[in-house]
Amino acid sequence: MSNPTTFAFRISLIFSLFFMLLIFVMPDISTLNNKWLLLFSATAIFFLFSFMVLRHSVKNFIYDKIKVIYKTIHTFKKSSKEPKRSAIRKTTIEKVNQEVMDWEKDTRKEIEELKLLAQYRREFLGNVSHELKTPIFNIQGYVLTLLDGAVNDPQFNIPYLKRTEASINRLISIIEDLEDISNLESGTLKLHQEKTDIIDIAKEVAEQFEIKAQKRHIRIYFRKNYETPIPVICDKNKIRQVFSNLIDNSIKYGNKNGTIKISFFDMHDHILCEVTDDGNGITKENLPRLFERFYRTDKARSREKGGSGLGLAIVKHILDAHNQNINTRSKIGVGTTFAFTLKKG
């Protein structure tokens, strides 16, 4: 019944054969001289009449049954007014069937996306809980020890208070990073983009991390001596944060006695910025999820090194807000390069 014309043709043909047989056995027909001509003529007229009636009836029946479904799906997909009755009658069964299939495919895709979103939210809440619990439990332990009498012991009071301060600073860092991501995602954080020298930003950040890098015997250097400014259009404070997070990440996960190289390349309308380390590298399996919140390639080692686990996610959101891209190249045993673009000033 997927084709009303074929269905009507077959039924009409069956009815016509019965009609022809009925006329043939009638006694008055056998006495006529032109009985075969009359027989075929009557059968042909009956066939055409029944075919037209059946075809019209079947079409009405099918469209009446699918009309409500089609209207609902069509309205859902197009977000417009209900189609007129005449427009529905002109639509073929195949087209309606395709509409239903497309709607089913889109709905299935939306359901899968909602499932992934729900799973992502569960993982995110679990990660936030874990990240906050560690410094909170540390603070609790230090404070309880001090209250139990260690506060009067010079061997414990000052070191434990310093450790408590460090845990509090980690809590503050996590909360500030979460606030940054929330503002970036909601669009409430307004960028103040202006023409600025990207070399000055990178040099300023490199100097800030010089002492931290020296503790791991890591040297931060530039690919070449950039004597002339490289102007770009960006939010200076946010791009400073991008460099800070990338360099800090390279110091944490780079090898001792290693290097961090900062490079810039002219890409016509854009400037390509790169931060490269010679650490252990990142596997291909981990690269696609590298900029997810709290995602860690090695959870045990990562938490030992501190940090909120949000640094690279913030980098991605900042560059997205600038309508720019960031990508990662990495090779195990060789190192990792983070490369992002900024509009040339």
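A quick note: this is a predicted structure, and the numbers were derived from the prediction, not measured. (Residues numbered from 1 in each chain as written. Predicted model: local features only at pLDDT ≥ 70, side-chain atom pairs only at ≥ 80, totals over all residues. Heavy atoms only, no water.)

If you tally the helices and strands in the chain, you get ten helices and seven strands. Counting across all 345 residues of the chain, residues that qualify as buried make up 36%. Residue pairs in contact within the chain that sit at least 24 positions apart in sequence constitute 72% of those at least 6 positions apart. Accessible surface, the chain as shown: approximately 21,800 Å² in total, 58% of it carbon and sulfur. (Helix = DSSP H or I, 4+ residues; strand = E, 2+ residues; numbered from the N terminus. Buried < 20%, exposed > 50% of the residue type's maximum accessible area, 1.4 Å probe, protein only. Contact = heavy atoms within 4.5 Å. Areas by Shrake-Rupley, 256 points an atom, 1.4 Å probe, with all protein chains shown as cover.)

For helix 5 (residues 157-186), with 30 residues, the first-to-last C-alpha span of 43 Å sits near the 44 Å given by 1.5 Å per residue. Taken as a whole, helix 5 has its buried residues at N157, Y160, T164, S167, R170, L171, I174, D177, D180, I181 and L184. (Expected span 1.5 Å × (residues − 1).)

Before going further, it helps to examine the state of the cysteines. Tallied over the full model, the rule gives zero disulfides. Between C234, a free cysteine, and C273, which holds the nearest cysteine sulfur, the sulfur-to-sulfur gap is 8.6 Å. (Disulfide = S-S within 2.5 Å.)

Here the focus is the packing of aromatic side chains. Enumeration over the complete set of coordinates arrives at seven aromatic pairs. Taking 5.3 Å as the distance between ring centres and 55° as the angle between the ring planes, the aromatic pair formed by Y142 and Y160 counts as tilted. Linking Y142 in helix 4 (residues 93-147) with Y160 in helix 5, this pair joins segments that are 18 residues apart in sequence. Assessed through its relative accessible area of 19%, Y142 is described here as buried. (Phe/Tyr/Trp six-rings, centres within 6.5 Å; stacked < 30°, edge-to-face > 60°.)

All right, on to the pairing of strand 7 (residues 335-344) then. Among the ten residues that make up strand 7, eight are buried, leaving the element largely enclosed by the rest of the structure. Relative to strand 7, strand 3 (residues 231-235) runs antiparallel, the two being bridged by two bridges. Its bridge partner lying in strand 7, V232 is registered against K344. When strand 5 (residues 270-277) meets strand 7, the two strands line up antiparallel, connected through eight bridges. Across the sheet, the residue bridging to E274 is A339, located in strand 7. In the sheet, strand 6 (residues 326-331) pairs with strand 7 via six bridges, with the strands oriented antiparallel. Note on strand 7: the bridge partner recorded for K331 is G335. Connecting strand 6 to the antiparallel partner strand 7 that follows it, the hairpin turn spans three residues, and G333 within it adopts a positive phi of roughly 85°. (Pairing = 2+ DSSP bridges.)

For a regular strand, side-chain orientation follows a simple rule: the groups alternate between the two sheet faces. Extensive coverage of strand 5 is indicated by the burial of seven of its eight residues. Looking at chain direction, strand 4 (residues 259-267) and strand 5 are connected through eight bridges and run antiparallel. When the sheet's bridge partners are listed, M267 is paired in strand 5 with H270. Connecting strand 4 to the antiparallel partner strand 5 that follows it, the hairpin turn spans two residues, and H268 within it adopts a positive phi of roughly 65°.

Core analysis: the biggest nonpolar cluster contains 43 residues, and I198, I239, F243 and F264 have the highest contact counts within it. Contacts of I198, omitting those with residues within four sequence positions, involve I230, V232, I239, F243, F264, C273 and L342. (Core = buried A, V, L, I, M, F, W, Y, C linked by side-chain atoms within 4.5 Å.)

Together, V143, L144 and L147 line one region of the surface with nonpolar side chains, adding up to about 290 Å² of accessible area. When you line up the elements, L147 lands in helix 4. (Patch = residues over 30% accessible without salt bridge, like charges linked within 9 Å, V, L, I, M, F, W, Y side chains within 5 Å. Salt bridge = Lys/Arg side-chain N within 4 Å of Asp/Glu carboxyl O.)

Attention shifts here to the pattern of salt bridges. All chains considered together, the criterion is met by six salt bridges. Across the pair E204 and R240 runs a salt bridge whose closest N-O atoms are separated by 3.1 Å. Pair noted here: E204 is in helix 6 (residues 198-208) and R240 is in helix 8 (residues 236-253), with a separation of 36 residues, a long-range link. What makes R240 buried here is its relative accessible area of 17%. A single salt-bridge network, built from bridges that share partners, covers K212, D248 and K252.

Where helix 8 contacts helix 10 (residues 311-321), the axes come no closer than 9 Å and their chain directions differ by 150°. Classified by the interaxial angle, the pair formed by helix 8 and helix 10 is roughly antiparallel. You can see that helix 8 and helix 10 cross each other, and the crossing is left-handed. Every residue of helix 10 that contacts helix 8 at K238, I239, Q241, V242, N245, L246 and N249 is listed here: G311, L312, I314, V315, I318 and L319. (Axes fitted to C-alpha atoms, helices over the stretch in contact; angles between N-to-C directions. Parallel < 35°, antiparallel > 145°, perpendicular 65-115°, else oblique. Left-handed = near helix turned anticlockwise from the far one by under 90°.)

Another aspect to go through is helix 10. Regarding helix 10, the residues found buried are L312, A313, I314, V315, I318 and L319. Close packing links the buried residues of helix 10 with helix 5, helix 8, strand 6 and strand 7. Following helix 10 by one or two positions, N323 adopts a phi angle in the positive range, close to 60°.

Its identity as a non-glycine residue notwithstanding, N257 has a phi of 65°, on the positive side. On the secondary structure map, N257 appears in the loop between helix 8 and strand 4. Unusually for a residue other than glycine, N323 sits at a positive phi of about 60°. In this fold, N323 is placed in the loop between helix 10 and strand 6. Exposure remark for N323: the relative accessible area of 68% places this residue in the exposed category.

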